[in-house]
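Close look at the chain arrangement
Residues per chain are reported as follows:
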Amino acid sequence: MKKKNFLLLMLLLATYAGRAQFSGSGSGSLTDPYQIATASHLDELHNFLGTVNTDVHFVLVNDIDLSAYIDTQYPDIGWEPIGNESEPFYGHLDGEGHAINNLWINQPAGNYIGLFGYVSGGELRNLTISLDAVKGIKGHTNIGILTGALQDASITGCSVNGSLWASNNTGGLIGHTRQECFITNNTATVTITVDTFGENIGGLTGLSDSLVENCSTTGNIYVVGNEGIVNNLGGLIGKSQAIVKDCFSLVTLANNGNAFVGGAMGGLVGRNQAPIEDSNAGGDVTGAINIGGLVGDSYALVTNCFATGNIAAEAYAGGLIGSSDQVEDSYATGTVTINSEDGGGLVGHSYGSVLRCYAEGSVFGPKAIGGLIGSSGGNVSLSYATGDVTGIVPEVMPDGGLTDIAGLIGHAFTDVSNCYATGNVYSPLNSICIGGVVGFTGTPMSNCYASGHVITDSSLAGGVVGLTFAAISNVTANSPALKGTAADANALHRVAGSIDLDGEVINSYALASMRINDVALEGPGDANDLDGLSLNVSELQTEDFYKNQLGWDFDTVWVIREGQGYPHFAWKEYHTNIVTATVNNEEFGSISPIGDIAFEKSTDAAFLITAEEGYVIDKVLVDGQDVGATEQYTFEAINANHTLQVIFIEEDLGLGDNETTAGIIAFPNPVKDVLTVRIPNVSHANIELYTTTGQRIVNQTLDTSLQLDMRNLPAGIYLLRVNSESGLQSLKIIKE
């Protein structure tokens, strides 16, 4: 018994001897932690490394400024990180809301760099760290302001700010978060600069193998090298291999050099291999390939997320995700610009399904671009896009040329159903496969519509789809206009530009006023033809048509405001109103846009009015009311359907004169019953009387005098035209 007690005593003494002594107050226990009051006290944590110090607890009792201490103790390389991979810090540090200021480290080739180098099995909490504003942190691999690496430990309630220069596994808070860690309620405001080579760079953590929750970042991440390759840059995490939840990033990511940033760049995560939930990002992102407002390259589900930043890239770029797996209940609002192929308002290139998503930003690019998705490799449903899509001519033409440009999806590899696009589509000369919804599809599409203009120099374009190799069914082309290369008008049609292989149009319709190269289709059309069957705008604003004629689901999927715009989804309100814009005679002048145009409710709807030479604007009628002879009219915050009619007249018409300069006499003017027309010194003339809408109601011959009975004509303005040996002349007649 005595021998056993002696061995136990020796073990306890050995354990105690393995622990260092602390010069400050406290005993290091949970209830009586060591109290860190000075920079020297903080430096003593270097003495508490290894598993023997697993249960040691520290607490900051006031703010600490490290500038003078580092200049004295570590003048060349800056602060020496606490712990490393072979001997980590296992203890617990509670900052209790206090700050450590003016930390700096200068180890450009160093590994595991930060206030702590390596933390394992412990906890860091409630601490703020600010770097020296000039020196910051310079390291190479596993770099973080708080810690270079974290294993089986937690960080909660911490905040960091400052500038870092590094290469691999670099984050504002943590360089590498390994397995079994808990990262929550942390923030970072940082500027990170990467030169030449690097991977896994994030505003919060560079490489993450553990859950990150309720964290946020702001700042900038720059690539400045003129050579090399940089992969996986994210506003929050460079590369994530564990769930990211309830996080936010407002970090701008930009390639300011000539290095190839090819792996992935995302406003929140560069590359994710685990789900991202309920998170968002707001920074602009500029890079090469796999560039997204939220995620650059995604291999897992992204749900309930959004991004608002603008995107500029070479290829595979999206307002939310550059290349994606499954995406649900998410949206993006930023502008996307690419120089090569696969650019989308939401996703550049999707490999998984897209469900209940939308995009609002404009998209620019030469090939495979869409308001929602550039190229889709998974089913797309219950989704929409509202941004304009514009094809551009790049300095280097992509393989295949300018092709697959559309309001929703540029190139669809899989089924598209229950979707719509409202943005205008524009494409340059020699482009092909241009569509209001899809540019090219090799798989079925159903229950979709487009309501934007399709304006192109293409010889292959359609109001819904440019070219299809599969069935297109139960769709509507609600577009006001389709323009293309007139030389091959046979491939310009209201529903589908052209079909091939198994392509066909089934039970599909088009707006009767839709104009193809400024000319409306003659005749009613055919529901099983490329142009679809014509319907007037009022019919296309009724639930009865979509539900009973097309079979759309108005119980769970679609809703519509009867007589007030086109359908939208039950899960997301998107109200539109229709303005019907017309002119009395298109030879006299024009209005732009013209036709039945859908505008989002509460937005402004502007119209430009232009008279041809020799004609003037007589009046503009808004919902039947004269608003004057204006050259522009804007409906402000539109919230109802409207009509806008422009009346043009010949420029030389007079009002209040009974005689023109050529001697035409018409009296009385204004007239109630009978109008007498005389032309002295003219033996023969042809007399015509027109309404202001261009309808001819009188066509007679005059020798020297003529009486026109006008008593049964409605009150208003009429145009009297006289064609004689003196030429063609006109006079405005007022009927009372």
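Residues numbered from 1 in each chain as written. Predicted model: local features only at pLDDT ≥ 70, side-chain atom pairs only at ≥ 80, totals over all residues. Heavy atoms only, no water.

**Brief notes about the overall build of the protein chain**
On a plain count of helices and strands, the protein chain comes out with four helices and 87 strands. On the principal axes, the C-alpha backbone points of the protein chain span a range of 145 × 55 × 45 Å. By the burial criterion, 57% of the 736 residues in the protein chain qualify as buried. Sequence separation of at least 24 residues holds for 74% of the intrachain contacts in the protein chain that already meet a minimum separation of 6. Accessible area for the protein chain stands at about 28,000 Å²; split by element, carbon and sulfur atoms hold 47% of it. (Helix = DSSP H or I, 4+ residues; strand = E, 2+ residues; numbered from the N terminus. Buried < 20%, exposed > 50% of the residue type's maximum accessible area, 1.4 Å probe, protein only. Contact = heavy atoms within 4.5 Å. Areas by Shrake-Rupley, 256 points an atom, 1.4 Å probe, with all protein chains shown as cover.)

**Description of the confidence of the model for the protein chain**
Mean pLDDT over the protein chain: 91, with 94% of residues reaching 70 or higher. The low-confidence segment residues 1–18, where pLDDT is below 50, has three contacts with residues more than four positions distant or belonging to other chains. The low-confidence segment residues 653–661 (pLDDT under 50) makes 20 contacts with residues lying over four places distant or belonging to another chain. (pLDDT = per-residue confidence, 0-100.)

**Quick notes on the nonpolar core**
Judged by nonpolar contacts, the single largest core of 154 residues is most densely connected at Phe58, Trp79, Leu103, Leu115, Phe116 and Leu146. Counting residues per element, this core draws most heavily on strand 18 (residues 187–202), at five residues. (Core = buried A, V, L, I, M, F, W, Y, C linked by side-chain atoms within 4.5 Å.)

**With respect to the side chain of histidine 57**
With respect to the secondary-structure elements, histidine 57 resides in strand 2 (residues 57–60). Here histidine 57 falls in the buried class, since its relative accessible area comes to 15%. Setting aside its immediate chain neighbours within four residues, histidine 57 contacts Gly28, Ser29, Leu30, Pro33, Tyr34 and His92.

**Considering the sheet that holds strand 85 (residues 705–709)**
On the basis of which strands lie adjacent, the open sheet formed by three strands has the order 81-82-85 and antiparallel pairing. Each edge of the open sheet is held by one strand with a lone partner, namely strand 81 (665–667) and strand 85. Between one strand axis and the next, the sheet turns by 15 degrees as a mean value, whatever way the strands run. Note: strand 82 (residues 674–678) against strand 85, five bridges, orientation antiparallel. Across the sheet, leucine 675 pairs through a bridge with leucine 708, a residue of strand 85. (Pairing = 2+ DSSP bridges. Axes fitted to C-alpha atoms, helices over the stretch in contact; angles between N-to-C directions.)

**Observations regarding unusual backbone geometry**
With omega at -5 degrees, the peptide bond leading from serine 592 into proline 593 counts as cis. Mapped onto the secondary structure, proline 593 falls in the loop between strand 74 (589–592) and strand 75 (595–600). Of the consecutive residues asparagine 669 and proline 670, the connecting peptide bond is found in the cis state with omega at 15 degrees. Along the polypeptide, proline 670 turns up in the loop between strand 81 and strand 82.

**Description of the pairing of strand 87 (residues 727–735)**
Regular strands place their side chains on alternate faces of the sheet. In terms of strand pairing, strand 86 (residues 716–724) meets strand 87 through nine bridges, oriented antiparallel. If you follow isoleucine 717 over to strand 87, its bridge partner there is isoleucine 734. Turn length for the strand 86-strand 87 hairpin, with the two strands adjacent in sequence and antiparallel, is two residues.

**Some words on the state of the cysteines**
Evaluation of the coordinates by the stated rule reveals zero disulfides. With no disulfide of its own, cysteine 215 lies closest to cysteine 247 among cysteine sulfurs, the gap being 5.0 Å. In this structure cysteine 215 comes out as buried when scored by relative accessible area, which is 2%. (Disulfide = S-S within 2.5 Å.)

**Quick word on the pattern of salt bridges**
Throughout the structure, instances matching the rule amount to 13 salt bridges. Arginine 178 is paired through a salt bridge with glutamate 85; the nearest N and O atoms lie 3.7 Å apart. In this pair, arginine 178 sits in the loop between strand 16 (174–177) and strand 17 (182–184) while glutamate 85 sits in the loop between helix 3 (67–73) and strand 4 (92–94), placing the two residues 93 residues apart along the sequence. The class of arginine 178 is buried, set by a relative accessible area of 18%. The class of glutamate 85 is partly exposed, set by a relative accessible area of 45%. The partner of aspartate 94 in a salt bridge is arginine 125, with the nearest N and O atoms 3.8 Å apart. With aspartate 94 in strand 4 and arginine 125 in strand 9 (residues 123–125), the pair connects residues that are 31 residues apart, well separated along the chain. Classification of aspartate 94 by relative accessible area gives buried; the value is 18%. One network of salt bridges, in which partners are shared, links Asp94, Glu123 and Arg125. (Salt bridge = Lys/Arg side-chain N within 4 Å of Asp/Glu carboxyl O.)

**Points about the pairing of strand 5 (residues 99–103)**
One ladder, built from two bridges, connects strand 3 (residues 64–65) with strand 5; its direction is parallel. Looking at the pairing, aspartate 65 lines up with asparagine 101 of strand 5. Of the pairings in the sheet, the one linking strand 5 to strand 10 (residues 128–131) comprises four bridges and is parallel in character. Each residue of the ladder has a partner; that of isoleucine 100, found in strand 10, is isoleucine 129.

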